[in-house]
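Geometric and topological summary
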Amino acid sequence: MSQTELAGAQPKEFTRRTFIKGVIATGATVSSAGYLFRGTSLLGAATYQTATERLITLSINGQDRRVDVLPHETLAMTLRYKLGLTGTKLGCDRAECGACTVLVDGVNQYACSMLTHQVRGRAVTTIEGLENPDTGELSVVQKAVMDEGGFQCAFCAPGFIMSMTSMLDTNPNPTREEAAVALSGNLCRCADYEKILNCAMRAAELHRSV
Ligand code: FES
Ligand code: FES
């Protein structure tokens, strides 16, 4: 797993995904039109009118972001499809796998199961916000994953990394068993749990030495 992937960034080759991300990034205020148009036949013009009245400010990775949010929109949808923060993954979309885990006021939460309007006035941190914004230095958890070579396909990695970050905040000196409990809300479809726990223990070691 590369440092770029750990930071939640995508490879720099020009793909359909990078094109779409580029389009998203061009607006300081992001419209929900693209999201709505996917279901235009079901939602209709009246719903779009309602959505355009939902311009709110969110605190994401230490920055204020203006975004147009539907009343029923989940945080995961806003992060990925309105703000281009695709490091937050969507697996089950029903609070089972933890792939979408982000921090809300420092606590790990499933972004697929929170409405975006619920996080108004709260600090949201995604995998893209873990590195030092001035130096680009990775967080201790990200460094630990690099050290241990944790994860196979790494689809679950951002979620686990966010949960490890939250765990170290409340328990900087976990036993392996305590780490397993703290990370039990995250699933790995490659079943790479031993290596993931190695990462958690290495992260705790690095955290204590900071
Ligand atoms: S995508 Fe949110 S818990 Fe699975
Ligand atoms: S490493 Fe593949 S899902 Fe966890």
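This write-up is about the structure you can find in this document. (Residues numbered from 1 in each chain as written. Chains lettered and ligands numbered in written order. Predicted model: local features only at pLDDT ≥ 70, side-chain atom pairs only at ≥ 80, totals over all residues. Heavy atoms only, no water.)

1. A closer look at the side chain of Arg80
The residue Arg80 is located in helix H5 (residues 75-82) in this model. Here Arg80 sits buried without a salt bridge, and the closest side chain of opposite charge, Glu128, lies 7.6 Å off (N-O distance). At 3.5 Å, the side chain of Arg80 and the side chain of Tyr81 are in polar contact. (Helix = DSSP H or I, 4+ residues; strand = E, 2+ residues; numbered from the N terminus. Buried < 20%, exposed > 50% of the residue type's maximum accessible area, 1.4 Å probe, protein only. Lys, Arg positive; Asp, Glu negative; His and termini not counted. Salt bridge = Lys/Arg side-chain N within 4 Å of Asp/Glu carboxyl O. Polar contact = N/O pair within 3.5 Å; in protein donor to acceptor, adjacent residues only side chain to side chain.)

2. Some details on unusual backbone geometry
Although it is not a glycine, Asp105 adopts a positive phi angle of roughly 50°. With respect to the helices and strands, the residue Asp105 is situated in the loop between strand E3 (101-104) and strand E4 (107-110). In this structure, Phe151 takes a positive phi of about 80° despite not being glycine. Topologically, Phe151 is positioned in the loop between helix H6 (140-148) and helix H7 (157-170). Take Phe151: its relative accessible area is 6%, and that puts it in the buried class.

3. Overview of the pairing of E3
In E3, alternate side chains face the same way, and those of Thr101 and Leu103 on one face and Val102 and Val104 on the other are all buried. One ladder, built from 4 bridges, connects E3 with E4; its direction is antiparallel. Bridging across to E4, Val102 finds its partner in Gln109. Remark: 2 residues form the turn of the hairpin made by E3 and E4, two consecutive strands paired antiparallel; Asp105 in that turn has positive phi of roughly 50°. Relative to strand E5 (residues 123-125), E3 is paired through 2 bridges, and the arrangement is antiparallel. Residue pairing for E5: Leu103 is matched across the bridge by Thr125. (Pairing = 2+ DSSP bridges.)

4. Points about the sheet that holds E3
Taking strand neighbours across the sheet as the criterion, the 5 strands line up as E2-E1-E5-E3-E4 in an open arrangement whose pairing is mixed. Pairing within the sheet leaves two strands with one partner each, and these edge strands are strand E2 (63-68) and E4. Averaged over all neighbouring strand pairs, the angle between strand axes comes to 45°, with direction disregarded. Along the sheet, H7 contacts E3, E4 and E5; its crossing angle with E3, the most-contacted strand, is approximately 35°. (Axes fitted to C-alpha atoms, helices over the stretch in contact; angles between N-to-C directions. Contact = heavy atoms within 4.5 Å.)

5. Some thoughts on the nonpolar core
Judged by nonpolar contacts, the single largest core of 27 residues is most densely connected at Phe151, Phe160, Met164 and Ile196. Discounting chain neighbours no more than four positions away, the residues touching Ile196 are Phe151, Cys156, Phe160, Met164, Leu183 and Cys188. (Core = buried A, V, L, I, M, F, W, Y, C linked by side-chain atoms within 4.5 Å.)

6. Examining the packing of H6 against H7
Orientation of H6 relative to H7, taken along the N-to-C sense of each, is 125°, at an axis distance of 9 Å. Regarding the angle of H6 to H7, the classification is oblique. Between H6 and H7 lies a crossing of right-handed hand. Taken together, the residues of H7 that come into contact with H6 (itself represented by Val140, Val141, Gln142 and Val145) are Ile161, Met164, Thr165 and Leu168. Of the residues belonging to the contact of H6 with H7, the class tally is 6 nonpolar, 2 polar and no charged. (Parallel < 35°, antiparallel > 145°, perpendicular 65-115°, else oblique. Left-handed = near helix turned anticlockwise from the far one by under 90°. Nonpolar A, V, L, I, M, F, W, Y, C, P; charged D, E, K, R; others polar.)

7. Structural notes on the packing of aromatic side chains
Throughout the structure, instances matching the rule amount to 2 aromatic pairs. Between the aromatic rings of Phe151 and Phe160, the centroid separation amounts to 5.9 Å while the plane-to-plane angle is 50°, which identifies the pairing as tilted. Like Phe160, Phe151 is buried. Each ring, one from Phe160 and one from Tyr193, has its centre 6.5 Å from the other, and the planes form 65°; the classification is edge-to-face. You can see Phe160 sitting in helix H7 and its partner Tyr193 sitting in helix H9 (residues 193-209), a full 33 residues away along the chain. If you follow Arg189 out to its NZ or CZ, it ends over the ring of Phe155, 4.6 Å from the centre. (Phe/Tyr/Trp six-rings, centres within 6.5 Å; stacked < 30°, edge-to-face > 60°. Lys NZ or Arg CZ within 6 Å of the ring centre and 35° of its normal.)

Don't take any of this as a statement about function, it's just geometry.
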